[in-house]
Amino acid sequence: MIHRIGATAAAQIFVVLALPVAAATQTRAAENSSAACPGDNGGIALSPGFCATIFADNLGHARHLVVAPNGVVYVNTWSGRYYHFGKVPAGFLVALKDTKGDGRADVVERFGPSFVEGAAGGTGIAYYNGAIYAEEKDKIVRYALKPGEIVPKAPPEIVVSGMPLGGDHPMHPFVIDPPGNLYVDMGSATNSCQVENRMLDSPGIEPCTQLTTRGGTWRFDANRRGQKFTSAARFVTGLRNGEGFAFDKDGRLFATQHGRDQLSQNFPRFFNVHQGANLPAEELVQETQGADFGWPECYFDGMAQRRLVLAPEYGGDGKKIGVCAQKQEPVAFFPAHWAPNDLLIDNFAKFPAAYRGGAFIAFHGSWNRAPEPQGGYNVVFQPLKDGKADGDFVVFADGFAGPIKDPGLAHFRPTGLAAGPDGALYISDDVHGRIWRVVAKGAPSVAPAPEPKLAAASGGNPEPPEGIHPDAGETDLAALPLPPGASREQIARGARIFHGEADGGTCAGCHGADAKGTSVGPDLTSGKWIWGDGSFASIEQIVSMGVPHPKSYPGIMPPKGGAPLSASDIDAVAAYVWAIGHREAPK
């Protein structure tokens, strides 16, 4: 059984094919391919004809990366507000080199400002004209490299400063073209430009003034120093959160689009939980001067209509098109909420011909598909021709998350992509800072990766570096303490709602399947309470009222988590949360 989503207009729906002979042939090819690979491909499954090694590990929250012409890999790491752990004592920028030719970095050097100097790293990084360009908070800075240097010795120069920070998408990924045009993502500050961000039935602000400084791509000059952020430098608009950029061989600029969240949680009168989990699609777009991709007024319906439709904040009902008929459609689209965090179009002559010119997309993985299973946590390949999608995408690399695709439990989450001049493909992870180096063996054709062997060892360390907590996964409900006046039946029902098994509960999406927190929502098992005093009554009130203005995390919680919970459902969820937050730590 092959599950695949088409990326052309004629076939962009889920397709299930029962092809026993083809599947057997593909399995044999995959087995033959993996047999030729030394080791276990670093614990991931790859399309037939490719092998991987763990190039580096435990680098911190590795975001985007780039490979210089001499083969040195540079990566930007981040410990910003999305990460509540992992303070890096040295610089957040890392230079890595393989001097032995074994596919592993034996030289690892850090540079740039450190945590003790007030830095937190960043996402964006690029190599241009003999220098490393990197995102640092509200700036893009330039580190000049002298011949033979792996780590720059000269202090950085400010290229652009004053970029907007805060809000839902404070990152600034970017790309530089050969003439030196610097294209920077200014992700939106909110989900959909509502009066009350991510709140039930809150209307959209008209006009969305946020678009003057956010929600698009800005263009600057990589050859100039001391530029200031200005609204006049906007290149395209209506792009909620771009993240990934790449050029094809003809110089066309492509970007990914993170679709908006919480259609069913914020507008349950128009969208059921199934639609909320599967709308809107993630997008691959082509950027040209002045293009408008529709955010926040529009989102892409990849289920029924396969086109941009009007958002409910702006008068939409899931069917109306309105002003979206004048917005620019994507080149290709992908499953909802997979989170496309980077994009690579490899134009190197040494890359396999079948893949050359197509788009690799690193999907960070979803949190907003609850109560349905989360998805993504993979790298896909989308064939392109003449700037258009040329057939269905395939999953190129999988198995990063491990046995559970969940933002709190995933072992690794793909975040960055880069190509080396020798034809190698590098994939970074921002959970534990692992980088894989992927190389082709022979001349492979485009084919999906086999199912990952999740029980296999992973470079001698199948678990995350700190191990897996013994309480991860299912909780023994009978061993949980009871809040005053509650029953075992209530806790059991609360657990089912929490995990999306009843009444459209979405709690696990933000707090993780084990309730130990994610980058979006806090740990509910620690006994530390951000709101209230941890009493049953205070938890009940928080679930009922929501959290419109979080103190420490970016995840805004609508009332009842956006689920259609009754008063008894709220009591049950509160009982479960109280119980897991008051249990004794294992001895």
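No experiment lies behind these values; they were computed from the predicted model shown.

A. Seen up close, the overall build of the protein chain. When helices and strands are tallied, the protein chain shows seven helices and 32 strands. A separation of at least 24 residues holds for 60% of the contacts in the protein chain among residues at least 6 apart in sequence. When the accessible surface of the protein chain is split by element, carbon and sulfur atoms take 55% of a total near 23,100 Å².

B. Looking closely at the environment of Trp 529. Relative to the helices and strands, Trp 529 resides in the loop between helix H5 (507–511) and helix H6 (536–545). For Trp 529, a relative accessible area of 25% corresponds to the partly exposed category. Along the sequence, Trp 529 and Ile 539 sit ten residues apart, while their C-alpha atoms lie 9.5 Å from each other. Residues in contact with Trp 529, not counting those within four places in the same chain, are Leu 524, Gly 534, Ile 539, Val 577, Gly 581 and His 582. At 3.2 Å, the side chain of Trp 529 and the backbone oxygen of Gly 527 are in polar contact.

C. Representation of the sheet that holds strand S14 (residues 181–186) within the structure. Spatially, the four strands line up as an open sheet ordered S13-S14-S15-S17, and their pairing is antiparallel. The open sheet has two free edges, formed respectively by strand S13 (174–176) and strand S17 (234–237), since each of these has just one partner strand. Taking each pair of neighbouring strands and ignoring which way they run, the sheet shows an average axis angle of 20 degrees. Alignment of strand S15 (residues 216–221) against S17, held across three bridges, turns out to be antiparallel. Bridge assignment links Trp 218 to a residue of S17, and that residue is Arg 234.

D. Quick peek at the sheet that holds strand S31 (residues 425–429). Overall, antiparallel pairing links the four strands, which are arranged S4-S32-S31-S30 in an open sheet. Pairing within the sheet leaves two strands with one partner each, and these edge strands are strand S4 (50–56) and strand S30 (414–419). Sheet twist, expressed as the mean angle between neighbouring strand axes with direction ignored, is 25 degrees. In this sheet, strand S32 (residues 435–440) lies alongside S4 in antiparallel orientation, the contact comprising six bridges. Its bridge partner lying in S32, Phe 50 is registered against Ala 440.

E. Local environment of the packing of helix H4 (residues 488–498) against helix H7 (residues 567–582). At their nearest, the axes of H4 and H7 sit 7 Å apart, and the two run at 95 degrees to each other. Comparing their axes, H7 and H4 come out roughly perpendicular. Seen from H4, the contacting residues are Gln 490, Ile 491, Arg 493, Gly 494, Ala 495, Ile 497 and Phe 498; seen from H7, they are Asp 569, Asp 571, Ala 572, Val 573, Ala 575, Tyr 576, Val 577 and Ala 579. Split by residue class, the contact of H4 with H7 holds ten nonpolar, two polar and three charged.

F. The pattern of salt bridges, seen in detail. Following the criterion strictly, the structure yields 19 salt bridges and no others. Ionic pairing is found between Asp 57 and Arg 434, a salt bridge with its closest N-O pair at 2.8 Å. A residue pair is termed long-range when its members are at least 10 positions apart, and Asp 57 in the loop between S4 and strand S5 (62–67) and Arg 434 in the loop between S31 and S32 qualify at 377 residues. A salt bridge links Lys 249 to Asp 250, with the shortest nitrogen-to-oxygen separation between them at 3.4 Å. In this structure Lys 249 comes out as exposed when scored by relative accessible area, which is 70%.

G. Representation of the side chain of Ser 188 in the model. Along the chain, the position of Ser 188 falls in the loop between S14 and S15. Note on Ser 188: relative accessible area 0%, which makes it buried. In this structure Ser 188 touches Asp 168, His 169, Gln 210, Arg 214, Gly 215, Arg 240 and Trp 295, once residues within four positions along its chain are discounted.

H. The arrangement of the pairing of strand S26 (residues 378–382) in detail. A large share of S26 lies buried, amounting to five of its five residues. The alternating pattern of S26 places Asn 378, Val 380 and Gln 382 on one face and Val 379 and Phe 381 on the opposite face, and all of these are buried. With five bridges joining them, strand S25 (residues 359–363) and S26 adopt antiparallel strand pairing. Within S26, the position partnered with Ala 359 by the bridge is Gln 382. Taken together, the three bridges between S26 and strand S29 (residues 394–398) define a ladder with antiparallel strand orientation. Residue pairing in the sheet places Val 379 in a bridge with Ala 397 of S29.

I. Main features of the state of the cysteines. Following the criterion strictly, the structure yields three disulfides and no others. Put simply, Cys 193 and Cys 208 are joined by a disulfide, and their sulfur atoms are 2.1 Å apart. A torsion of 100 degrees about the S-S bond marks the disulfide between Cys 193 and Cys 208 as right-handed. With Cys 193 in the loop between S14 and S15 and Cys 208 in the loop between S14 and S15, this pair connects stretches of sequence that are 15 residues apart.

Conventions we followed
- Residues numbered from 1 in each chain as written.
- Predicted model: local features only at pLDDT ≥ 70, side-chain atom pairs only at ≥ 80, totals over all residues.
- Heavy atoms only, no water.
- Helix = DSSP H or I, 4+ residues; strand = E, 2+ residues; numbered from the N terminus.
- Contact = heavy atoms within 4.5 Å.
- Areas by Shrake-Rupley, 256 points an atom, 1.4 Å probe, with all protein chains shown as cover.
- Buried < 20%, exposed > 50% of the residue type's maximum accessible area, 1.4 Å probe, protein only.
- Polar contact = N/O pair within 3.5 Å; in protein donor to acceptor, adjacent residues only side chain to side chain.
- Pairing = 2+ DSSP bridges.
- Axes fitted to C-alpha atoms, helices over the stretch in contact; angles between N-to-C directions.
- Parallel < 35°, antiparallel > 145°, perpendicular 65-115°, else oblique.
- Nonpolar A, V, L, I, M, F, W, Y, C, P; charged D, E, K, R; others polar.
- Salt bridge = Lys/Arg side-chain N within 4 Å of Asp/Glu carboxyl O.
- Disulfide = S-S within 2.5 Å.

None of this, on its own, says anything about what the molecule does.
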